[in-house]
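Listed below are the residues making up each chain.
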Amino acid sequence: MIEFRDVGKRFADGTVGLESLSLTAREGEITVLVGPSGCGKTTSLRTVNRMVEPTSGAVLLAGRDVAQGDPAELRRGIGYVIQQAGLFPHRRVIDNVATVPVLQGLSRREARARAAEVLERVGLDDALAQRWPAQLSGGQQQRVGVARALAGDAPVLLMDEPFSAVDPVVRVELQDELLRLQADLGKTILFVTHDIDEAIRLGDRVAVLRVGGRLAQFAPPDELLAQPVDDFVSGFVGRDRGYRRLGFLPATALRLVDLPTRADANGDTAGPAVPGEWTVLLDGSERPAAWLGPDGARHDLGSVYVTDGDDAAADAAGTLRGALDAALSSPAGRGVAVDGAGRYRGGVDTDDVLALLDRSAPR
Amino acid sequence: MLGRLVEWFSAPAQWSGSAGIPTRVLEHLGYTLLAVAIAAVIALPLGAVIGHTRRGGLAVVGVANGLRALPELGVLVLFVLLLGLGLLPPTLALVLLAIPPMLAGAYSGVAGADPGAVDAARGMGMRESQILLQVEVPAAVPLVLGGVRFATLQVVATATIAAYVGLGGLGRYIIDGFSVRDFPQMLGGALIVAVLSIVVELVLQLLGRFVTPGPDRLRLRGRPDRHAAAAPSSVPTPPSPERPDR
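The paragraphs below set out a description of the structure included in this document. Computed from a predicted structure; not experimentally measured.

**Quick word on the pairing of strand S10 (residues 214-219) of chain A**
Residue and element names in this part refer to chain A.
Next up, step 1: Pairing geometry for strand S9 (residues 205-210) and S10, over 5 bridges, is antiparallel. Its bridge partner lying in S10, valine 206 is registered against alanine 219.
Next up, step 2: Between S9 and S10, which pair antiparallel one after the other, the connecting turn spans 3 residues, and glycine 212 there sits at a positive phi close to 95 degrees.

**Details of the pairing of strand S17 (residues 344-349) of chain A**
All names here are of chain A.
Next up, step 1: Of all the 6 residues making up S17, 5 are buried; the element is thus mostly covered by neighbouring parts of the structure.
Next up, step 2: Taken together, the 5 bridges between strand S16 (residues 334-338) and S17 define a ladder with antiparallel strand orientation. Residue pairing across strands places valine 336 opposite glycine 347, the latter belonging to S17.
Next up, step 3: The turn linking S16 back onto S17 is made up of 5 residues, and glycine 342 within it adopts a positive phi angle of 90 degrees.

**Concerning a nonpolar patch on the surface**
All names here are of chain B.
Next up, step 1: Taken together, the side chains of Leu78, Leu82, Leu83, Leu88 and Leu92 define a hydrophobic patch exposed on the protein surface, amounting to about 470 Å² of accessible area.
Next up, step 2: Every element with two or more residues in the nonpolar patch is listed here: helix H4 (72-83) and helix H5 (88-111).
Next up, step 3: In terms of residues, the nonpolar patch owes the most to one element, H4, which gives 3 residues.
Next up, step 4: Take leucine 88: it is sitting in helix H5.

**Re helix H2 (residues 21-53) of chain B**
Residues and elements named next belong to chain B.
Next up, step 1: With 33 residues, H2 ought to run about 48 Å at 1.5 Å a step, and its terminal C-alpha atoms sit 47 Å apart, in line with that.
Next up, step 2: Maximum bend of H2: about 30 degrees, positioned at alanine 40.
Next up, step 3: Arginine 54 sits one or two residues past H2 and shows a positive phi near 60 degrees.

**A few points about the sheet that holds strand S11 (residues 261-263) of chain A**
Residues and elements named next belong to chain A.
Next up, step 1: Pairing is mixed in the open sheet, where 4 strands are placed in the order S11-S12-S13-S14. Unpaired on one side and paired on the other, S11 and strand S14 (298-299) mark the two borders of the sheet.
Next up, step 2: Sheet topology note: the strand S12 (residues 279-282)/strand S13 (residues 288-292) ladder contains 4 bridges and is antiparallel. Looking across to S13, one finds that leucine 281 is bridged to alanine 290.

**A few points about the environment of A:Gly86**
Next up, step 1: Mapped onto the elements of the fold, A:Gly86 is located in the loop between strand S6 (78-82) and helix H3 (93-97).
Next up, step 2: Residue classification places A:Gly86 among the buried positions, given a relative accessible area of 0%.
Next up, step 3: Taking the C-alpha atoms as reference, A:Gly86 lies 18 Å from A:Val170; in sequence the two are 84 residues apart.
Next up, step 4: Apart from the residues lying within four places of it in its own chain, the contact partners of A:Gly86 are A:Arg148, B:Gly116, B:Ala117 and B:Ala120.

**Observations concerning the nonpolar core**
Residue and element names in this part refer to chain A.
Next up, step 1: Among the nonpolar cores identified, the biggest contains 48 residues, and Met159, Phe163 and Phe191 are the most heavily contacted of them.
Next up, step 2: Per-element tally for this core: the top contributor is helix H6 (residues 138-150), with 5 residues.
Next up, step 3: Not counting the four nearest positions on each side in its chain, phenylalanine 163 is found in contact with Gln142, Val146, Arg171, Leu174, Gln175, Leu178, Phe191, Glu198 and Leu202.

**Some remarks on the sheet that holds S9(A)**
All names here are of chain A.
Next up, step 1: With respect to topology, 6 strands assemble into an open sheet ordered S6-S7-S8-S3-S9-S10, the strand pairing being mixed. On the outer flanks of this sheet lie S6 and S10, each paired with one strand and no other. When the angles between neighbouring strand axes are averaged without regard to direction, this sheet yields 15 degrees.
Next up, step 2: Summarising the sheet, strand S3 (residues 30-34) and strand S8 (residues 188-193) pair through 5 bridges and their orientation is parallel. Paired with isoleucine 30 across the two strands is isoleucine 189, which belongs to S8.

**Quick word on the pattern of salt bridges**
A pair can form between side chains of opposite charge whenever their charged atoms are brought close.
Residue and element names in this part refer to chain A.
Next up, step 1: Summed over the entire model, instances satisfying the criterion amount to 26 salt bridges over all chains.
Next up, step 2: Aspartate 153 is paired through a salt bridge with lysine 187; the nearest N and O atoms lie 3.8 Å apart. Placement of aspartate 153 in the loop between H6 and strand S7 (156-160) and of lysine 187 in the loop between helix H7 (168-185) and S8 is noted, with a sequence separation of 34 residues between them.
Next up, step 3: The exposed category is assigned to aspartate 153, whose relative accessible area is 52%.
Next up, step 4: What you see here is one network of salt bridges that share partners, running through Arg114, Glu117, Asp153 and Lys187.

**Structural notes on H6(A)**
Residues and elements named next belong to chain A.
Next up, step 1: Its 13 residues give H6 an end-to-end C-alpha distance of 19 Å, which sits within 8% of 18 Å, the value for a rise of 1.5 Å per residue.
Next up, step 2: For H6, a buried count of 11 out of 13 residues is recorded, marking the element as mostly surrounded by other parts of the structure.
Next up, step 3: Listing the buried residues of H6 in full gives Gly139, Gln140, Gln142, Arg143, Val144, Gly145, Val146, Ala147, Arg148, Ala149 and Leu150.

Quick notes on the rules
- Residues numbered from 1 in each chain as written.
- Chains lettered and ligands numbered in written order.
- Predicted model: local features only at pLDDT ≥ 70, side-chain atom pairs only at ≥ 80, totals over all residues.
- Heavy atoms only, no water.
- Pairing = 2+ DSSP bridges.
- Helix = DSSP H or I, 4+ residues; strand = E, 2+ residues; numbered from the N terminus.
- Buried < 20%, exposed > 50% of the residue type's maximum accessible area, 1.4 Å probe, protein only.
- Patch = residues over 30% accessible without salt bridge, like charges linked within 9 Å, V, L, I, M, F, W, Y side chains within 5 Å.
- Areas by Shrake-Rupley, 256 points an atom, 1.4 Å probe, with all protein chains shown as cover.
- Salt bridge = Lys/Arg side-chain N within 4 Å of Asp/Glu carboxyl O.
- Expected span 1.5 Å × (residues − 1).
- Bend = angle between axes of the 7 residues up to and from the residue.
- Contact = heavy atoms within 4.5 Å.
- Core = buried A, V, L, I, M, F, W, Y, C linked by side-chain atoms within 4.5 Å.
- Axes fitted to C-alpha atoms, helices over the stretch in contact; angles between N-to-C directions.

Structure follows, in structure tokens:
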């Protein structure tokens, strides 16, 4: 648990980095600090490992004031990931990851063994261990950065915009990876970002900060989207918040409709199963392959609604957002629902989704 | 003139004895090594510490530029007047010459280390001395080596002044030749200094490739660099932009 108690930071030149921040990041959760530039989110994060010393208030880590004791000792017990990854260019990947274990007093051999374990854990190929950081892509470097922070086996992780410098596709991969790791490891993570989508995707709880480090709202992401406390927060969470909130609403009560289906045989030119209707073509393992239009032409499936995916990658699994998106993106006006293994389950009707939405919307 | 130069070089006496070319070259290299070593002991740690703390950078630049402006021969004469004859005055004069490039190299190399790597190092719990030695100094190696090379070249070229105060080295040929108007001897001495400078530069460049940490280091044996032939990883990130093979 990380507890900020009236933490303030006034820099030497008189500018106020943080006015007075009070906040508790709970054990085993991802707490995201989000806000516009100059809101003090990075400054707050850096007070936890004393990279910034607050001028007032205190930061407590597991109940202990971090200001007591040796800062270097403190930092070896806290994982730290930064935006540029900050890998040591003159050390191979494996030795970068072994840095903290070596600082903790392990022999080089033990530290490397530990590093190899962690590299595997973050999904990095064994062959990459002997490479130099300059030979990795941005996404790979960031993974190494995460591995390096995990190698010390610290219960607490500080992540300062770790995924901001990579392209959007890789960013989503890294976010999924982090969620998967977190499901295994249950670390207490303090995560700083300026990207509200990232905050909502990753955070168990999200703290929105205004300029000067004043806390605007601290809530779970669905609450933030449903009930922003003021214009600043609603402006910051953005225009699509209503749609994005659907990602937090379960679609368990959604009734699936029956669609005409037919096995998809290669070179088959047979018409629709029901004349004048859209037909779902299924492959040999019952997985939907394409739509067959009333005109007899094949059409792209659109996005499918995964009813019960437990895969973190399908983050809209089983939610109204996934259901609505399937219905809207289908050329047939109805979405296709599949189970976690991708097998055909039924159809999604837009009206049913909207009716369900109508009932679950808070008034 | 050319014929007399060839004659000078081909005289058997030139290649043996205490006034022969091999002896003079060794003396010359000895003065150089002594001056560069003393200057390195002073300039490299000083530059590294200033680069790490970022305090006194302006003073470094000022002092370095000031030292560069000193006339070498005048400094030598001053030291002789103060300290008398011997090895010390020319060595000190050469040390003053060698300090500025090494100081600047160490300072800018350490100060120029990747701020992200330094921040990460500190955040992971490295102490300041560990940050300096394990992160900043390795990053500074190319610039430090550049400073050392530049300083060494300057000293090799200038160590001829040792002959002014009665010492040996390749300056002997130039000064002795001048005093008896033996121009082939002067030219021969100057040529040897020039060739020696080039050889020293090449040797230092090669040595530098062996001590530069990281992917650019030359390795004679041991771990083959697996990255060169490594298959693309199974990680679903875009393949890394491979650097040209070295």
